[in-house]
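If you want the building blocks of each chain, they are given just below.
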Amino acid sequence: KRKAGAAAAAAAASGGPTGDAALLATHIINNQKKYTAYQNLFYLLQTEPKYLAALVFRMKEREMDDFLDTVLLTLYGDGFSPREEYLVLQLLKHAIDAELRGVEKVADFVKAESVVPRMVATYAKRKAGLTYLAQVFGPILADDELRDSSLELEVRPSQLYQKIITEEEMKTNEKSALKRGLTDLECMENKDVKARVDKNVRALCAACDRFFDAIVAARARLPYGIRWICSSLHELAQSNFPHATKDEIHKITGYFVYYRFMQLAVLSPRQYDIVERDLPPHMHKNLVSVARVMQQLFNLHLLDTTKQPWMAGVNEWIKARVPRMRKYFEALVTDVAPPETALRLDSYMELTQRSKPVIVISLLEMAKTHYHFHRHAKRIAKDKQDPLRVVLNELGTPPFHEEAAAAAAERNAAEAA
């Protein structure tokens, strides 16, 4: 079992179940009957994803990310096996179906804090996703041109105007005569600012081309699970929103494949093991500029040049690449085989498996999962004879509950101090 000390402190802070490892071991491992019941619980949860899909929609906001890590990276493993991949995709299918039932229009489905997008973002951290991201973005991020400290991709006039003032004052050691507090439009009247904006727009579009070309070229290497998720969403959106345009449906694909999968790795590559150390500040700032433009392209959305006329060159770049973007989306969701075929599995795989799979999970994660299902069991499984209710009855009260959380949090805080 994995060590749970740090996780215990985090759980205490969030108000969930917690406690020291010795107490958990006494409750779980040293009680053979309970230990067997826990094995049955997690085997049931893994092989019947409908329970986890139902629970995730009942989680408190502060518990969501921690719980998704437990489910998608621990319960189903963060590596890749056909069996685990099949089961985790069934979990996502249940969640997608449930979320779409409560959505009235396409735009509502891509809200940042809804359940399915957060599940997909966590799913993307599995080994297949990390490998793809490293292969596609690693060479770009390692390139000397993008790392060059002289590369400037800032295009907002007021920011460049202030930079010109700062550079002038550092050079002359005197206060600049240039006016302060100008608007972006006023700053664009300065010929030096305009020249710098034009230069940076060209450099920004060139940098975006590096990323876009790499993404398009690597479409066939996208992890099967990401393609299946996008294909499923595409089909369900067409069915649920019959009056939506093709581009509105494409925007769902773009949101999930770029914003929820790729962009996080571009902005925080060290967290995804793409680079070995944190990026220098100037490079991170440049990547933020690239990510914003790429997000507009994947959203098939032009910038408002009535308010930002200096972005006209970026709009031209986006317009020129929209046809390729649409072809990418179409190819991404076309001819994606169902999991049973692609992974060479079917719904009877459990019957043909000689031994139950091994799940590597910490005592704390076991206790917390028990706690969450104990709280919501009657809503998730209304029938008393439902297998979930049966195994939860065998387990009894979770090792920790709401009343014990405050005391446990105080004890952990005192120990940490």
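Just so we're clear, the structure is a prediction, and the values are computed from it rather than from any experiment.

A. Region of the structure containing the overall build of the protein. Each helix and strand in the protein was counted, giving 22 helices and 0 strands. A burial count over the protein gives 49% of its 417 residues as buried. If you take every contact in the protein between residues at least 6 apart in sequence, the share linking residues at least 24 apart comes to 78%. Surface accessibility of the protein: about 21,400 Å² in total, with carbon and sulfur atoms responsible for 51%.

B. Structural view of the environment of Val 391. Within the secondary structure layout, Val 391 lies in helix α21 (residues 387-395). The buried category is assigned to Val 391, whose relative accessible area is 4%. C-alpha separation for the pair Val 391 and Tyr 38, spaced 353 residues apart in sequence, amounts to 8.2 Å. Leaving out residues up to four positions away in the same chain, Val 391 has contacts with Ala 37, Asn 40, Leu 41 and Leu 44.

C. Broad picture of the packing of helix α3 (residues 32-47) against helix α20 (residues 363-380). Two elements in contact, α3 and α20, have axes separated by 11 Å at closest approach and are oriented at 70°. In terms of axis orientation, α3 runs roughly perpendicular to α20. Facing α3, whose interface residues are Tyr 38, Phe 42 and Leu 45, α20 presents Glu 365, Met 366, Thr 369, His 370 and Phe 373. Split into classes, the residues belonging to the contact of α3 with α20 amount to 5 nonpolar, 2 polar and 1 charged.

D. Focus on helix α9 (residues 127-142). Between its terminal C-alpha atoms α9 stretches 21 Å, which fits the 22 Å expected from 16 residues at 1.5 Å a residue. Of all the bends found along α9, the most pronounced is centred on Val 136 and spans about 35°, while Pro 139, a proline, follows it within four residues. Within α9 the residues assigned to the buried category are Gly 129, Tyr 132, Leu 133, Val 136, Phe 137, Gly 138, Ile 140 and Leu 141.

E. Representation of the environment of Leu 68. Along the polypeptide, Leu 68 turns up in helix α5 (residues 61-75). Among the residues examined, Leu 68 registers a relative accessible area of 1% and is labelled buried. Distance from Leu 68 to Ala 121, taken between C-alpha atoms, is 9.7 Å for residues 53 residues apart in sequence. Look past the residues within four positions of Leu 68 in its chain and what remains in contact with it is Val 56, Leu 73, Arg 118, Met 119 and Thr 122.

F. Focus on the nonpolar core. Of all hydrophobic cores here, the largest spans 127 residues; its most connected members are Phe 137, Phe 211, Val 257, Met 262, Met 294, Tyr 328 and Leu 388. For this core, the element with the highest residue contribution is helix α13 (residues 191-217), accounting for 11 residues. Residues contacting Leu 388, with those up to four places away along its chain left out, are Leu 41, Leu 44, Leu 45, Tyr 51, Phe 373, Ile 380 and Ala 381.

G. The pattern of salt bridges, seen in detail. For the structure on display, the rule yields 19 salt bridges. Through salt bridges with shared partners, a single network forms among Glu 152, Lys 163, Glu 167 and Arg 196.

H. Spatial organisation of the side chain of Thr 122. By the secondary structure assignment, Thr 122 is in helix α8 (residues 115-123). The buried category is assigned to Thr 122, whose relative accessible area is 6%.

I. Quick peek at helix α14 (residues 224-240). In this model, α14 (17 residues) spans 24 Å end to end at C-alpha, consistent with the 24 Å of a helix rising 1.5 Å per residue. If you check which residues of α14 are buried, you get Gly 225, Ile 226, Arg 227, Trp 228, Ile 229, Cys 230, Ser 231, Ser 232, Leu 233, His 234 and Ala 237. Elements in contact with the buried residues of α14: α6 (82-101), α7 (106-109), α8, α15 (246-267), α17 (312-333) and α18 (339-342).

Rules behind the numbers
Residues numbered from 1 in each chain as written. Predicted model: local features only at pLDDT ≥ 70, side-chain atom pairs only at ≥ 80, totals over all residues. Heavy atoms only, no water. Helix = DSSP H or I, 4+ residues; strand = E, 2+ residues; numbered from the N terminus. Buried < 20%, exposed > 50% of the residue type's maximum accessible area, 1.4 Å probe, protein only. Contact = heavy atoms within 4.5 Å. Areas by Shrake-Rupley, 256 points an atom, 1.4 Å probe, with all protein chains shown as cover. Axes fitted to C-alpha atoms, helices over the stretch in contact; angles between N-to-C directions. Parallel < 35°, antiparallel > 145°, perpendicular 65-115°, else oblique. Nonpolar A, V, L, I, M, F, W, Y, C, P; charged D, E, K, R; others polar. Expected span 1.5 Å × (residues − 1). Bend = angle between axes of the 7 residues up to and from the residue. Core = buried A, V, L, I, M, F, W, Y, C linked by side-chain atoms within 4.5 Å. Salt bridge = Lys/Arg side-chain N within 4 Å of Asp/Glu carboxyl O.

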